[in-house]
Amino acid sequence: MKLEASPTGFFGEFGGAYVPEMLYPNVKELQERYLEIIHDATFECEFQSLLRDFAGRPTPLFRAATLSRLHGCEILLKREDLLHTGAHKINNTIGQILLAKRLGKTRIIAETGAGQHGVATATVCALMGIPCIVYMGEVDMQRQALNVGRMRLLGAEVRSVTSGSKTLKDATNEAMRDWIANPHDTHYIIGSVVGPHPFPDMVARFQSVISAEIKEQCQAAYASLPTHVIACVGGGSNAMGGFFHFIEEPSVELIGVEAAGCGVSSGRSAATIALGRNGILHGSRTLFMQTADGQVEEAHSISAGLDYPGIGPQHAHLHTVGRVTYVQATDAEALSGAKTLARREGIIPALETAHAVAHLSKMSFKPTDKVVLVVSGRGDKDMGTYLEAFGGRISDDN
Ligand SMILES: *Cc1c(COP(=O)(O)O)cnc(C)c1O
């Protein structure tokens, strides 16, 4: 199958741009210009050279020997954790900052939950000398004090959001309000494949470098495509990036792992595909967790990057047509996955990534399988959670 946005930004029945009238001119400008800008040869050249020299691409496709032996197949780790700022998010922020410059924007805003997208945005704004304002819930600012400090050191202004639950969805509302008030000089950098058209399509294109490299690296090493690509899914950008160039390759099995929190039916999860219903969230029609009367339900996951009640419209579509299989991993399974990757391969993954690692042990493979796992980020930011979870046992048990 092909995955292409319709002219109005739909993937099947999902997507579109449901924005308040006041936001319409900004969104319209982006819709009209993003393809022309990102297909321009000088843009492409500047994007590729920053990905290489600033972010550190290409990232290795590492053959994990111990995991390969354990699972009886080839396990290949796509090392997005080695990128500058520690996760795949920098791919998208570099793309969007270059686009903002070409649109003549002189001010950048972003929202952030755990702070990873905020840090990636503050980083590229510092690089380009563009003022940056990051909206962040007051609760998240307390939980992620280190990332707040990083953003401030990078010169960004972090604005505390005290409305609602004082977390990501409230920060998103505040950023939208800012964009409405500053339509001419400001670009809003959304951090995942969510939001109104063209954001899901645009972010997927910027992240597609992940699967372009996987394809090339797998061809070089094995003269074949991978048999599986597995990635964790929050909003869905690292997964879309990892799947992008394989969507039209029916032999490649694509698996997205979402966060089941305390369990899919525990009432405390972020299992959007398993539990979500069709509706409009943050500017697009997609699947999200809703109460009986259609209100957005609070999500729960041990990993802040997966703690989101919705999912990008491409994923809602890929699920509906059956091209991608979506599965779930709980908080406890993710913790165990993180420990496995640390102990077996010497890589401490982000808690988000650990959900994808956890799913490996629920699958069975053939010796000829080549299984790519997208390591979306590194675990430095999660050491507090790991120490709390493993406590004194961290050093002596296996
Ligand atoms: C933000 C984040 C995610 C989740 O976002 P996606 O858009 O679903 O990729 C996953 N892993 C890491 C390391 C992150 O920082």
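Structure first, text after, so check above.
What comes next concerns the included structure. Small disclaimer: the values here were computed from a predicted structure and weren't measured.

Some remarks on the sheet that holds strand E8 (residues 186-188)
Each strand in a sheet pairs with another by means of backbone hydrogen bonds, the pair being arranged parallel or else antiparallel.
Part 1 of the reasoning: Sheet architecture is open: four strands sit in the order E7-E6-E5-E8, paired in parallel fashion. Looking at which strands have only one partner, the edges of the open sheet turn out to be strand E7 (157-161) and E8. Across the sheet, the mean angle from the axis of one strand to that of its neighbour is 25°, orientation sign disregarded.
Part 2 of the reasoning: Of the strand pairs in this sheet, strand E5 (residues 107-112) and E8 are connected by three bridges, and their pairing is parallel. Paired with Ile 109 across the bridge in E8 is Tyr 188.

With respect to the site of the ligand
Part 1 of the reasoning: Taken together, 17 residues lie near the ligand, and Lys 89, Ser 192, Gly 234, Ser 237 and Ser 376 sit nearest.
Part 2 of the reasoning: Take His 88: an N or O atom from its side chain is 3.0 Å from an oxygen atom of the ligand.
Part 3 of the reasoning: Between an oxygen atom of the ligand and a side-chain N or O atom of Ser 237, the distance comes to 2.7 Å.
Part 4 of the reasoning: Against a free-state accessible area of 380 Å², the protein chains account for coverage of 97% of the ligand.
Part 5 of the reasoning: Partitioned by chemical class, the residues of the shell around the ligand number four nonpolar, eleven polar and two charged.

What to know about the environment of Ala 271
Part 1 of the reasoning: Within the fold, Ala 271 resides in the loop between strand E10 (253-261) and helix H12 (272-275).
Part 2 of the reasoning: A sequence separation of 239 residues divides Ala 271 from Glu 32, and the C-alpha atoms of the two residues are 34 Å apart.
Part 3 of the reasoning: Those residues within four positions of Ala 271 in sequence are excluded, and the remaining contacts are Glu 258, Ala 259, Ala 260, Val 264, Gly 276, Met 289 and Gln 328.

Considering unusual backbone geometry
Part 1 of the reasoning: Residue Pro 58 is reached from Arg 57 by a cis peptide bond, and omega for that bond is -5°.
Part 2 of the reasoning: When you line up the elements, Pro 58 lands in the loop between helix H2 (41-55) and strand E3 (61-63).
Part 3 of the reasoning: Note the cis peptide between His 197 and Pro 198, where omega equals 15°.
Part 4 of the reasoning: With respect to the helices and strands, the residue Pro 198 is situated in the loop between E8 and helix H9 (199-207).
Part 5 of the reasoning: The phi dihedral of Lys 166 is positive, around 60°, even though this residue is not glycine.
Part 6 of the reasoning: Locating Lys 166 in the fold gives a position in the loop between E7 and helix H8 (168-181).
Part 7 of the reasoning: With a phi angle near 55°, Ala 223 is a residue other than glycine that sits in the positive phi range.
Part 8 of the reasoning: Assignment of secondary structure puts Ala 223 in the loop between helix H10 (209-222) and strand E9 (228-232).

Criteria and cut-off values
- Residues numbered from 1 in each chain as written.
- Predicted model: local features only at pLDDT ≥ 70, side-chain atom pairs only at ≥ 80, totals over all residues.
- Heavy atoms only, no water.
- Pairing = 2+ DSSP bridges.
- Helix = DSSP H or I, 4+ residues; strand = E, 2+ residues; numbered from the N terminus.
- Axes fitted to C-alpha atoms, helices over the stretch in contact; angles between N-to-C directions.
- Near = heavy atom within 4 Å.
- Polar contact = N/O pair within 3.5 Å; in protein donor to acceptor, adjacent residues only side chain to side chain.
- Areas by Shrake-Rupley, 256 points an atom, 1.4 Å probe, with all protein chains shown as cover.
- Nonpolar A, V, L, I, M, F, W, Y, C, P; charged D, E, K, R; others polar.
- Contact = heavy atoms within 4.5 Å.

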